[in-house]
Every structure is written in structure tokens, then in C-alpha cells.
Amino acid sequence: MNKTRSSSLLERARQVIPGGVNSPVRSFRSVGGGPLFIKKGEGCRMIDEDGNSFIDYIGSWGPLILGHRPKCVIDAIQAVLEIGTSFGAPTEREIILAEAIRDAAPSMEMVRLVNSGTEAAMSALRVARGFTGRDLCIKFEGCYHGHVDSLLVKAGSGLATLGLSDSAGVPAAFAATTISVPFNDLLAVEQAFENHAGKIASVMVEPVAGNMGCIPPATGFLEGLRSLCTKHGALLIFDEVMCGFRVAYGGAQTLYGVKPDMTAFGKIIGGGLPIAAYGGSAEVMNYVAPVGPIYQAGTLSGNPLAVSAGLAMLKYLKEHPEVYTALEERTAKLCSDHFPGVTINRVGSMFTFFFTTEPVFDYESAKKCDTARFARFFTHMLEHGVYLAPSQFEAGFVGYAHQDADIEATRAAARQFFEAE
Ligand SMILES: *Cc1c(COP(=O)(O)O)cnc(C)c1O
């Protein structure tokens, strides 16, 4: 594979951008080699600056459930370009998007639009604290909620890849407001509530974990969190930035039938543009300024380009439920092979090939993976035209643009790796 141009761009990028990348997960730190610079995307494929073409299972880390450049989204963006890119004043389409989100996830009676998943999680946490008058938050090891200071504690994903358990630059006092317990461990949550009685504002969880690789909630886990939060007067926050509109229209709360107090959405709801949202009951959301005392704001929040892209995406998904059926079938097929020393986790179109023989149900079990073997697998797949996330601790995504032939080509490339090993 020719990497001439990507290599020279990386060299140049490193002079002006830390590591040459604008998000650390894009570096190939844990798998070796440098990242590829992408020239364009079309359908399920990405083409790099050297002209190499890949079947893309990153999908911009989640948003591109319809693949690159879906017509509905491109048309919507083009229409908005005719009228303006930002007003800093309310527009009708923001209401329509908020209504669409509320209709999809009725737990969100009111919604605030923001620009990134990080902002959505950070704001939801602030609202939970302001509403309950408490400071502490329970989160789960390996779950990522954006680069929010106090939530960068055992935050999986990019940190796991870099072997960092925490980030430098986070004051100990901030980290001390977070209690981190193992995913899928209700007893640990119960214990934390007992140890910090009357002090816990919220339990924040990825209802389907994706940032330590794909890990489904154990039977009864989400229901258990729901009843513990109710019992102790804490708010249950579902961070559905990744799994929202991915595992089902309306997200994991729809799929599993558990109602959180607050939700964060992102990724898919922006249709590939920067948008995220947080919300909850009217009672809780009326604590947000200008109605209530909790401040949260944004110059580009509700930006017309991003809102239109998101609206087009949600409209398409709502009107085409067959998308989710197809994604389920195609991803099931992709994950149907049995490979020695590999455990495959999957929820809908989220999947991870964990390089371990044991079940993966939390961060500790995920960390048992043979990451060197994963790195060899990653490189083999890339060289055979398949672009997986460059880390063991990430979920892969199948999109509606992936055709059966793409799935079969991917399976063939994977089989070749294990046969040759
Ligand atoms: C991606 C992600 C975030 C952060 O979203 P950004 O848009 O990258 O800030 C937060 N929570 C979860 C679950 C995510 O997957």
C-alpha cells in the first residue's frame, strides 16, 4: 500500500498540530504506522490522499449511519447555504429538530442543542448537579463521556489506547467528584450510593458501552440503575452520544425500555456535522438558563447547517425503519465467523472483535485482550482494503451504505488473517 503522500502530510501536520491529528484516536499510536490522510468519502468507502480505497467501519466514529455523503443530508445542507450559515438567533428548524428528538425519545420532554458530545455530557452533568444540589457523579470504568474534566477518570477509548488512566491537567478536586465503578456491576453502584449517602447527583452511563469496545448492558443492569437512582434521588443520565439512533431509532432507551432522567445525544443526530443535544423532563430542563439558574450557552448552538443535516438524517431514519433491519442483518453476518482467540461482541450495527478467549463484559475483561495481535489484525485488514478503528478498545460501525459484497469482502480478508497466522 502506497503511503507516500499520507506520510509527508503527517510530517507537515506534526509541525503545527499535536501529533498531526485533531483528535488523538485518529493517530495510529497503538497499531503502528501513521494515520492515513483522507481525500474523500463515498458510500461505505474512504479514499486516501494516495488513492487507496477502503471499506470504512469507522463512519466518522459513529455519525455516518447512512455512509458518506447520503443524498438526503447533502441536499439539506445545500438548501441552507442559500439562506445563511449562522444567525445567533432562533430559527424554526431548531424547534423541528427538538420535536423530532422528543418524539423519538419521549424521556426528553425538553431539549437543548449544543455542538459536541462533550458539551452535551458536560451540560447534563451540570444540570443534574444544579437540580439535585449535590456534587458527586457515578460513572463506569471504560465509559467515555467526552473530554470533560471531571469525567476523564477511567474513561476508556483514546485514553485506554494511549495507556493513560487519567489525563494530566485535571485538578484532583475535580476528579474527586467522580466515583468510577465497573460496568455491569450493580452491587458496586449500590455500595457507592451507601458510601456517599445523599451526595450523589447522577449516575452517568453509556447504556451500550462503545468506548472500551462494544459491550452490551447485562440483563437487568439498566433497570437496576433506574431503580437505584430513583431510590437515592439521583438522576440517571444515559450518554447515548454513540448508541443513540444507532442501536435503534430513539436509542438504547427505546431498545431496552428503560427511561433515564436525562439523555445526551450526538454523532448521528448531526448527520456528519457538529451537533449534539441534551435533555430530560420539563421539570429538570427548566433549571437551565434563561428560565432557571444553571448557565449553559453556545455561539453556534443550533447552527442552521448542522441542524438541517441532523434533521435530514433523523427524517430519513424515521421514514425508513428498514435501515435498522438491514444493519442488524448485515452486521450479524459480518460477525458470524468464529475465529480462534477472538470474542465478538455486537449490539445492532456496533461490534468489536476482542482478541481474547474470555467474555468481555467490563473494562477489566476488555483489558485482557492481546493488543499486539489486534494490531497485526488491524494492519492486515487495512492492507486488504478494510479500515477498522485503530484501537482494540473501539466499536466498529456498519452503515446502510455497506452492501453484502462489502461485508463478504471484509469476512474474506479476516479469514485470510487467521488462516495465515
Ligand atoms: C463520542 C462520544 C462523546 C463525545 O462526543 P464528542 O462529539 O467527540 O465531543 C461522548 N460520549 C460518548 C458515549 C461518545 O461516544
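Residues numbered from 1 in each chain as written. Predicted model: local features only at pLDDT ≥ 70, side-chain atom pairs only at ≥ 80, totals over all residues. Heavy atoms only, no water.

## Describing the overall build of the chain
Heads up, the condition is: To qualify as a helix, a DSSP run of H or I must reach at least 4 residues; to qualify as a strand, a run of E must reach at least 2; elements of each kind are numbered from the N terminus. For the radius of gyration, the atom set is restricted to C-alpha positions; the globular benchmark scales as 2.2 Å times the number of residues to the power 0.38. Should any heavy atoms of two residues lie within 4.5 Å, those residues are considered in contact. Method for areas: the Shrake-Rupley scheme with a 1.4 Å probe, in which residue coverage is limited to the protein chains shown.
Looking only at helices and strands, the chain features 15 helices and 14 strands. A globule of 421 residues ought to have a C-alpha radius of gyration of about 22 Å, and the chain, at 21 Å, matches this closely. Expressed as lengths along the three principal axes of its C-alpha atoms, the size of the chain is roughly 60 × 55 × 45 Å. The contacts in the chain between residues at least 6 apart in sequence include a share of 72% that link residues at least 24 apart. Only carbon and sulfur atoms are counted for the fraction: they give 54% of the accessible area of the chain, which is about 17400 Å².

## Some details on the side chain of Q296
Rules: N or O atoms closer than or at 3.5 Å make up a polar contact, with two conditions inside protein: a donor-capable atom paired with an acceptor-capable one, and, for residues adjacent in sequence, both atoms drawn from side chains.
Structurally, Q296 is set in the loop between α10 (282–285) and α11 (304–319). Here R112 takes part through its side chain, which lies 3.0 Å from a polar atom of the side chain of Q296.

## Some points on the site of the ligand
Where we set the bar: Residue proximity to a molecule or strand is established when one non-hydrogen atom of the residue lies within 4 Å of it. Any residue outside Ala, Val, Leu, Ile, Met, Phe, Trp, Tyr, Cys, Pro, Asp, Glu, Lys and Arg is labelled polar, Gly included; the first ten of those are nonpolar and the last four are charged.
Neighbouring the ligand are S116, G117, T118, Y144, H145, G146, E206, N211, D239, V241, M242 and K267. Note that an oxygen atom of the ligand is positioned 2.6 Å from one of the side-chain N or O atoms of T118. The separation between a nitrogen atom of the ligand and a polar side-chain atom of D239 is 2.7 Å. Bound to the protein, the ligand loses 83% of the 380 Å² it would expose on its own. Residue composition of the shell around the ligand, grouped by class: three nonpolar, six polar and three charged.

## Section: the domain arrangement of the chain
Let me state the cut-off plainly: Segment limits for the domains were obtained from an automatic or database-derived domain assignment. We count a salt bridge whenever a side-chain nitrogen from Lys or Arg sits within 4 Å of a carboxyl oxygen from Asp or Glu.
Domain assignment breaks the chain into domain 1 (4–57 + 321–420) and domain 2 (72–319). Here the C-alpha centre of domain 2 lies 25 Å away from the C-alpha centre of domain 1. Remark: the boundary between domain 1 and domain 2 carries zero salt bridges. At the boundary of domain 1 and domain 2, one finds eight residue pairs in polar contact (both at pLDDT 80 or more). At the level of elements, α12 (322–334), β11 (343–347), β12 (350–354) and α13 (363–366) are the ones that each hand at least two residues to the side of domain 1 that touches domain 2. The greatest single-element share of the side of domain 1 that touches domain 2, amounting to four residues, is contributed by β12. Each residue belonging to the side of domain 1 that touches domain 2 can be placed in one class, and the counts come to 18 nonpolar, five polar and five charged.

## Some details on empty space enclosed by the protein
Our working definition: Method remark: on a 1 Å grid restricted to protein atoms, a set of points is classed as a cavity if a 1.4 Å probe fits but cannot get out and as a pocket if it is open with protein on both sides within 12 Å along at least five of seven lines; lining residues have an atom within 4 Å of a point. Grid points are joined across faces, edges and corners, and a volume is the space filled by probe spheres set on the points.
Applying the stated criterion across every chain yields a total of three cavities of 30 Å³ or more. Of the volumes computed, that of the largest cavity is approximately 200 Å³. Forming the walls of the largest cavity are 19 residues, and the residues nearest its centre are F351, T352, F353, F377 and L388. Looking at the lining of the largest cavity, the elements with two or more residues in it are β12, α14 (371–383) and α15 (404–420). When its residues are assigned to classes, the lining of the largest cavity shows 12 nonpolar, five polar and two charged. In this model, the second largest cavity occupies a volume close to 70 Å³. Around the second largest cavity, the lining is made up of 14 residues, and of these D56, G59, L64, G399 and H402 lie nearest the centre. Taken together, the residues that form the lining of the second largest cavity break down as six nonpolar, six polar and two charged.

## Brief notes about the sheet that holds strand β14 (residues 396–397)
Threshold: In this analysis, strands are considered paired if DSSP registers two or more bridges between them.
Strand order in the open sheet formed by three strands is β11-β12-β14, and the pairing between neighbours is antiparallel. Where the open sheet ends on each side, the last strands, each with one partner, are β11 and β14. Where β12 and β14 come together, two bridges link them in antiparallel fashion. What sits directly across from F351, in β14, is G396.

## Structural notes on the nonpolar core
So the rule is basically this: Here the nonpolar core consists of buried residues drawn from Ala, Val, Leu, Ile, Met, Phe, Trp, Tyr and Cys, with membership extended through side-chain atoms lying within 4.5 Å. Categorising residues by exposure relies on relative accessible area from a 1.4 Å probe, with only protein chains included: less than 20% of the type maximum marks a residue as buried, more than 50% marks it as exposed, and the intermediate range marks it as partly exposed.
In terms of nonpolar packing, the biggest core is built from 68 residues, with Y57, I101, F245, L317 and F377 touching the most fellow members. The biggest single contributor to this core is α11, with nine residues. Composition of this core by domain shows at least three residues from each of domain 1 (4–57 + 321–420) and domain 2 (72–319). If we ignore the near neighbours within four places in the chain, the residues touching Y57 are L334, F351, V386, Y387, L388, G396, F397, V398, H402, D406, I407 and T410. One finds V189, L225, A234 and V258 within the second-largest nonpolar core, a separate group that totals 32 residues.

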